[in-house]
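Residue-level structural notes
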Amino acid sequence: MIARIHERAAGAGLVLSDALGRPLTYEETVPRGLVVAYWPGLEAYAADDEPASWTSVDWAEHVNDPLIEHPFAVSPGEDRRAVFHLTVRLAPRDRVLNGPEWSEIAHRIARAAAIEIPGDTQGCRWVAVQAQPRRLDLVANLIRLDGTWQPQPSDLSRRISAEARRLEDDLGLTTPTATTAPSTPDTAVQAAMRLAPLYDESGPLAGARGVIELLSRLLVGHPQAHLRETGHRLEWTARRLLDLQQDLATTATALNRPSAASAPAPAPGAPARTAVARTGPGP
């Protein structure tokens with residue numbers, strides 16, 4: 001299970017569109033089962049308006065409402081990008097999950113991110129959708145119902161990574177560094193294990209990215225133009241570090257796959273198969 005924290009957005013529309021994998025529309029309700037979890041106060045809020053009948057635009061507007069209701073609420077960095085977006089993807093060897101299991105993941109990740117706090121009746125509006133294969137999207141507004149900005153832990157990435165590992169144990173899933181099949185060459189296993197700390201959200205690259213993201217948030221809203229420009233450059237640096245982590249995770253996953261060289265030899269007397277060169281992707 002790989003959790004990724006995306007850059008905060010100014011509105012929920014594009015984020016939800018990405019999560020659903022299609023443009024938002026007023027015409028169709030969001031199919032039952034795609035929305036797997038949401039903030040605990042929604043049932044009371046929507047007592048006269050059944051959320052099951054909401055369109056994708058309705059959901060985006062619902063998450064966006066605090067931005068309109070509290071126009072002066074800003075982050076510690078003095079910006080209004082209040083929409084938090086986090087994705088959770090299953091590892092290639094993970095089994096298919098059902099709706100209640102995705103809901104469990106959403107609520108536990110929301111609590112780890114300080115988006116959902118048990119007993120807090122003035123917290124964040126959030127929704128989690130499972131609209132794309134093996135992927136969960138959690139979208140939240142960090143402007144609380146009381147008009148204040150929801151603080152998140154300074155070690156946010158580490159907490160989410162730790163909760164993802166606990167979820168893997170509880171749900172019987174693999175970790176990005178899970179032991180591989182016995183047929184995988186030892187060299188590949190060792191290489192994958194050495195890469196793991198680099199892309200893990202508790203590792204050094206994630207730590208450096210967190211510091212850079214914090215500095216960029218402090219600078220992008222600064223009144224001096226050259227400091228704002230520096231803040232934007234730091235944003236791009238953090239994004240490149242995130243891309244690097246994802247590339248390393250993909251490489252480690254590839255190393256953990258059994259290679260053709262490790263396939264069992266044909267039985268004595270069995271005809272050997274001739275390798276056929278391919279110029280395009282396999283079936």
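See the structure shown above.
Residues numbered from 1 in each chain as written. Predicted model: local features only at pLDDT ≥ 70, side-chain atom pairs only at ≥ 80, totals over all residues. Heavy atoms only, no water.

For the rest of this paragraph, the subject is the overall build of the protein. Along its length, the protein carries eight helices and five strands. Each of the 283 residues in the protein was classed as buried or not, and the buried ones make up 44%. Counting contacts in the protein only where the partners sit at least 6 residues apart, residues at least 24 apart contribute 74% of the total. With the model as given, the accessible surface of the protein reaches about 15400 Å², and the carbon-plus-sulfur share is 58%. (Helix = DSSP H or I, 4+ residues; strand = E, 2+ residues; numbered from the N terminus. Buried < 20%, exposed > 50% of the residue type's maximum accessible area, 1.4 Å probe, protein only. Contact = heavy atoms within 4.5 Å. Areas by Shrake-Rupley, 256 points an atom, 1.4 Å probe, with all protein chains shown as cover.)

Any two side chains of opposite charge can pair, given that their charged atoms come close. On inspection of all chains with the given rule, the structure shows 21 salt bridges. Ionic pairing is found between R233 and E229, a salt bridge with its closest N-O pair at 3.4 Å. Of the two residues, R233 and E229 are both situated in helix α8 (residues 225-255); the distance of four residues between them amounts to about one turn of the helix. Where salt bridges share partners, they join E7, R8, D79, R81, E235 and R239 into one cluster. (Salt bridge = Lys/Arg side-chain N within 4 Å of Asp/Glu carboxyl O.)

In spatial order, the strands read β1-β3-β5-β4-β2; together these five strands make up an open sheet with antiparallel pairing. Among the strands making up the open sheet, the edge pair consists of β1 (2-5) and β2 (35-38). Pairwise comparison of adjacent strand axes, ignoring direction, gives a mean angle of 20 degrees for this sheet. The pairing of β2 with strand β4 (residues 126-132) spans three bridges and is classified as antiparallel. By the bridge assignment for β4, Y38 is matched with V127. Of the strands in this sheet, β3 (83-89), β4 and β5 (135-141) are in contact with helix α1 (residues 13-20), which crosses β4 at around 35 degrees. (Pairing = 2+ DSSP bridges. Axes fitted to C-alpha atoms, helices over the stretch in contact; angles between N-to-C directions.)

This next bit is on helix α3 (residues 56-69). Given 3.6 residues per turn, any residue in an α-helix points the same way as the ones three and four places further on. Over its 14 residues, α3 runs 20 Å from end to end, which matches the ideal 20 Å to within 8%, given 1.5 Å per residue. The principal kink in α3, of about 40 degrees, is found at V63, preceding the proline P66 by one to four residues. With respect to burial, α3 is a largely interior element, ten of its 14 residues being buried. Tucked into the core, α3 has its buried residues touching α1, β2, α2 (42-45), β3, β4 and β5. (Expected span 1.5 Å × (residues − 1). Bend = angle between axes of the 7 residues up to and from the residue.)

Turning our attention to the packing of aromatic side chains. This structure, assessed with the given rule, holds two aromatic pairs. Ring centres of W54 and W59 lie 4.7 Å apart, and the angle between their planes is 65 degrees; on these two criteria the pair is classed as edge-to-face. Each member of the pair W54 and W59 is classed as buried. In textbook terms, an aromatic cluster arises when at least three aromatic residues are bridged by ring pairs, as seen for Y38, W54 and W59. In this arrangement the basic side chain of R239 is found over the ring face of W236, its NZ or CZ atom lying 4.3 Å from the centre. (Phe/Tyr/Trp six-rings, centres within 6.5 Å; stacked < 30°, edge-to-face > 60°. Lys NZ or Arg CZ within 6 Å of the ring centre and 35° of its normal.)

This part takes up the packing of helix α7 (residues 204-220) against α8. Packed helices, taken two at a time, are described by their axes: the angle between them and the distance between them. It is the contact of α7 with α8, at a shortest axis distance of 8 Å, that shows an interaxial angle of 155 degrees. In terms of axis orientation, α7 runs roughly antiparallel to α8. Both α7 and α8 take part in a crossing whose hand is left-handed. Counted by class, the contact of α7 with α8 contains 14 nonpolar, six polar and four charged residues. (Parallel < 35°, antiparallel > 145°, perpendicular 65-115°, else oblique. Left-handed = near helix turned anticlockwise from the far one by under 90°. Nonpolar A, V, L, I, M, F, W, Y, C, P; charged D, E, K, R; others polar.)

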